[in-house]
Amino acid sequence: MTDATELATRTRELLAAYPPATTSREDFLKARFDAGLAWVHYPEGLGGLGVPRSLQAVVDAELEAAGAPDNDPRRIGIGLGMAAPTVLAFGTDEQKQRFLGPLWRGEEVWCQLFSEPGAGSDLAALGTRAVRDGDDWIVTGQKVWTSNAHNARWAILIARTDPDLPKHRGITYFVCDMTDPGVEVRPLRQITGEAEFNEVFLTDVRIPDAHRLGEVGDGWKVAQTTLMNERVAIGGMRLPREGGMIGPVSAAWRERPELRTRDLHQRLVRLWIEAEVARLSGERLRQQLVAGHPGPEGSGMKLTFARLNQEISGLEVELLGDEGLLYDDWTMRRPDIVDFVGREAGYRYLRSKGNSIEGGTSEVLLNIVAERVLGLPSEPRTDKDIAWKDLAR
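Residues numbered from 1 in each chain as written. Predicted model: local features only at pLDDT ≥ 70, side-chain atom pairs only at ≥ 80, totals over all residues. Heavy atoms only, no water.

Q: Sorry, what's going on with the overall build of the protein here?
A: Assigned secondary structure in the protein consists of eleven helices and eight strands. Against the 2.2 N^0.38 benchmark of 21 Å for 393 residues, the protein shows a C-alpha radius of gyration of 22 Å, consistent with a compact globule. With respect to the principal axes defined by its C-alpha atoms, the protein has extents near 70 × 55 × 45 Å. Taking all 393 residues of the protein together, the buried fraction comes to 51%. Counting contacts in the protein only where the partners sit at least 6 residues apart, residues at least 24 apart contribute 70% of the total. Carbon and sulfur atoms make up 53% of the accessible area of the protein, which totals about 18700 Å². Here the protein contributes 48 positively and 59 negatively charged side chains, and the mean placements of these two sets differ by 3 Å. (Helix = DSSP H or I, 4+ residues; strand = E, 2+ residues; numbered from the N terminus. Rg over C-alpha atoms; globule rule 2.2 N^0.38 Å. Buried < 20%, exposed > 50% of the residue type's maximum accessible area, 1.4 Å probe, protein only. Contact = heavy atoms within 4.5 Å. Areas by Shrake-Rupley, 256 points an atom, 1.4 Å probe, with all protein chains shown as cover. Lys, Arg positive; Asp, Glu negative; His and termini not counted. Charge placed at Lys NZ, Arg CZ, Asp CG, Glu CD.)

See below:
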């Protein structure tokens, strides 16, 4: 069993063989992956060593101290946080070998083709169709709210393969090639002025059966792995104290005493405490992940993340007064990453409105927490046993 000391030694040996100062970023990341130091809890040969996830911190500390390059995780967050764990859990050996290395190294960006105009909160009602054609599937439909589709090489996709079954049972999960001529990506301009999201139109897109994840009809089961990991990635990200939204407003409070009022002080103290509780809860959640796959607790963390971001950004705008209403740039852009703290208060206030929608709406997540965490009775659902084709739309 590899322990922390041995892992630190392996990392130093990597640094000695591939000095960051004289090794290209691409070569260093490839060597790190091949050495099993990419994500240490993954199996050997797939960028890991099969050791506890908690030991990743040992590797990261050594590499950071040496000034080694990272894989720009914010740019490839969907691949790292959602596609990779799903491929690992349900992919064939060939799929794991093909996709995980380029994904982790950032050579191939991924996006997620799940939500549709008529299937957002009720994702299982999706209507994108996949029809078998020999060794391929022909996929036609529309997806929406697709982050980074304009940069993506691959997409994780769920489509309906059997409309005669109830909506949760007739779905299959695929890896879609975003360079296929039948894939059209259109920008969706948001309240921030940017087009961080996209709508994606699929017209007779041909996906080989070799790019199917899981069994035919098991797509909803596979998608649950993706969604649970997505909510952990959004709500359970690692932050230092006063990291995230609470940092800028705390700094403004300290540096601008003329803006302070008693009411704003009380609200800031409350939100600072809640942000710190959420941060520590996220640490505990990540420790629980060492023992297995994410559970419904990630939904609770994502709920908290959305509420706090919206309340904190609202407080910041109010604290800054007229200055908080300023907006630096309304230019139509298609950014590679979302930078909450690198922009002004007005951007944070507007962008945080989407936090209660993306990654599962807060209303749906409240149901998940109620049913799967608290054990409360499920809401009555009259459409569970009705064939998808017979549902009212």
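Now that the structure is up, let's keep going.
Q: Please clarify how the packing of aromatic side chains should be interpreted in this entry.
A: Geometrically, a pair of aromatic rings is defined through the distance of the ring centres and the angle of the planes. Under the definition given, this model contains nine aromatic pairs. Both rings, one in Phe-99 and one in Trp-154, keep their centres 5.2 Å apart while their planes meet at 75°; by these two values the pair is edge-to-face. One end of the pair, Phe-99, is in helix α5 (residues 93-105); the other, Trp-154, is in strand β4 (residues 154-160), and 55 residues separate them in sequence. Each member of the pair Phe-99 and Trp-154 is classed as buried. A network of ring pairs unites the aromatic residues Phe-99, Trp-110 and Trp-154 as a single cluster. (Phe/Tyr/Trp six-rings, centres within 6.5 Å; stacked < 30°, edge-to-face > 60°.)

Q: What is the right way to read the packing of helix α4 (residues 77-90) against α5 from this model?
A: Angle between the axes and distance between the axes are the two parameters that describe a pair of packed helices. Across the interface, α4 lies against α5 with an axial gap of 10 Å and an inter-helix angle of 165°. Overall, the two elements α4 and α5 adopt an arrangement that is roughly antiparallel. Crossing of α4 against α5: the hand is left-handed. In contact with Gly-79, Leu-80, Ala-83, Ala-84, Val-87, Leu-88 and Phe-90 of α4, α5 contributes Gln-95, Lys-96, Leu-100, Leu-103 and Trp-104. (Axes fitted to C-alpha atoms, helices over the stretch in contact; angles between N-to-C directions. Parallel < 35°, antiparallel > 145°, perpendicular 65-115°, else oblique. Left-handed = near helix turned anticlockwise from the far one by under 90°.)

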